[in-house]
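If you want the building blocks of each chain, they are given just below.
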Amino acid sequence: MCVTFASLSHYIFIMARTKIATLNLRIDPGIKDAVREAADMEHRSVANMIEMLIRRHCDETGIVIPEQEEMFTRNQNG
């Protein structure tokens with residue numbers, strides 16, 4: 001894999017504009033263990049696994065999740 005300065009600087013720019021929201025929740029210990037196991041099986045963090053599951057659910061039920069780039073564009077345009 002070849003990473004040029006231009007591609008790296010674009011990646012850093014995108015990452016700098018990424019906003020992360022914190023979600024605290026209480027969950028049954030058995031479900032937490034299952035999510036941790038599923039995340040390990042897919043080499044994901046628990047947070048990434050939960051995000052992936054939420055995205056999958058939204059895709060299946062037709063809930064639109066605005067991508068962060070769209071949110072930045074929308075905020076800049078008014």
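If you're wondering where the values come from, they're calculated on a predicted model, not measured in any experiment.

Calculation criteria
- Residues numbered from 1 in each chain as written.
- Predicted model: local features only at pLDDT ≥ 70, side-chain atom pairs only at ≥ 80, totals over all residues.
- Heavy atoms only, no water.
- pLDDT = per-residue confidence, 0-100.
- Helix = DSSP H or I, 4+ residues; strand = E, 2+ residues; numbered from the N terminus.
- Contact = heavy atoms within 4.5 Å.
- Salt bridge = Lys/Arg side-chain N within 4 Å of Asp/Glu carboxyl O.
- Buried < 20%, exposed > 50% of the residue type's maximum accessible area, 1.4 Å probe, protein only.
- Expected span 1.5 Å × (residues − 1).
- Polar contact = N/O pair within 3.5 Å; in protein donor to acceptor, adjacent residues only side chain to side chain.
- Axes fitted to C-alpha atoms, helices over the stretch in contact; angles between N-to-C directions.
- Parallel < 35°, antiparallel > 145°, perpendicular 65-115°, else oblique.
- Nonpolar A, V, L, I, M, F, W, Y, C, P; charged D, E, K, R; others polar.

## A few points about the confidence of the model for the protein
The pLDDT averaged across the protein works out to 78; a share of 63% of its residues lies at or above 70. When the elements of the protein are averaged for pLDDT, helix α1 (residues 5–17) gives the smallest value, 50, and helix α2 (residues 29–41) the largest, 96. Note that pLDDT drops below 50 for residues 1–5; the model gives that stretch 1 contact with residues more than four away or on any other chain.

## Quick word on the pattern of salt bridges
Here the structure, examined in full by the defined rule, presents 3 salt bridges. For Arg44, the salt bridge goes to Glu42, with nearest N and O atoms at 2.9 Å. Taking the relative accessible area as the measure of exposure, Arg44 reaches 30% and is therefore partly exposed. Put simply, Glu51 and Arg55 hold a salt bridge, and the shortest N to O gap is 3.1 Å. On the criterion of helical spacing, the pair formed by Glu51 and Arg55 is a turn pair, its members being 4 residues apart in helix α3 (residues 46–61).

## Digging into α2
End to end, α2 covers 18 Å across 13 residues, agreeing with the expected 18 Å (1.5 Å per residue, within 8%). Here α2 starts with a cap whose side-chain oxygen sits 2.8 Å from the backbone nitrogen of Gly30, and that cap is Asp28. Just downstream of α2 lies His43, where phi reads positive at about 55 degrees.

## Some words on the packing of α2 against α3
Two numbers describe how α2 lies on α3: the axes approach to 9 Å, and their chain directions differ by 95 degrees. Taken as axis vectors, α2 and α3 run roughly perpendicular relative to one another. Every residue of α3 that contacts α2 at Val35, Arg36, Ala38 and Ala39 is listed here: Val46, Met49 and Ile50. Of the residues in the contact of α2 with α3, the class split is 6 nonpolar, no polar and 1 charged.

## Quick word on unusual backbone geometry
Within the chain, His43 stands out as a residue other than glycine whose phi angle is a positive 55 degrees. Residue His43 is classed as exposed on the basis of its relative accessible area of 76%.

## Some points on the environment of Met52
Checked against the element boundaries, Met52 lands in helix α3. On the basis of relative accessible area, Met52 is assigned to the buried category, the value being 16%. With residues up to four places along the chain from it excluded, the contact list for Met52 reads Glu42 and Arg44.

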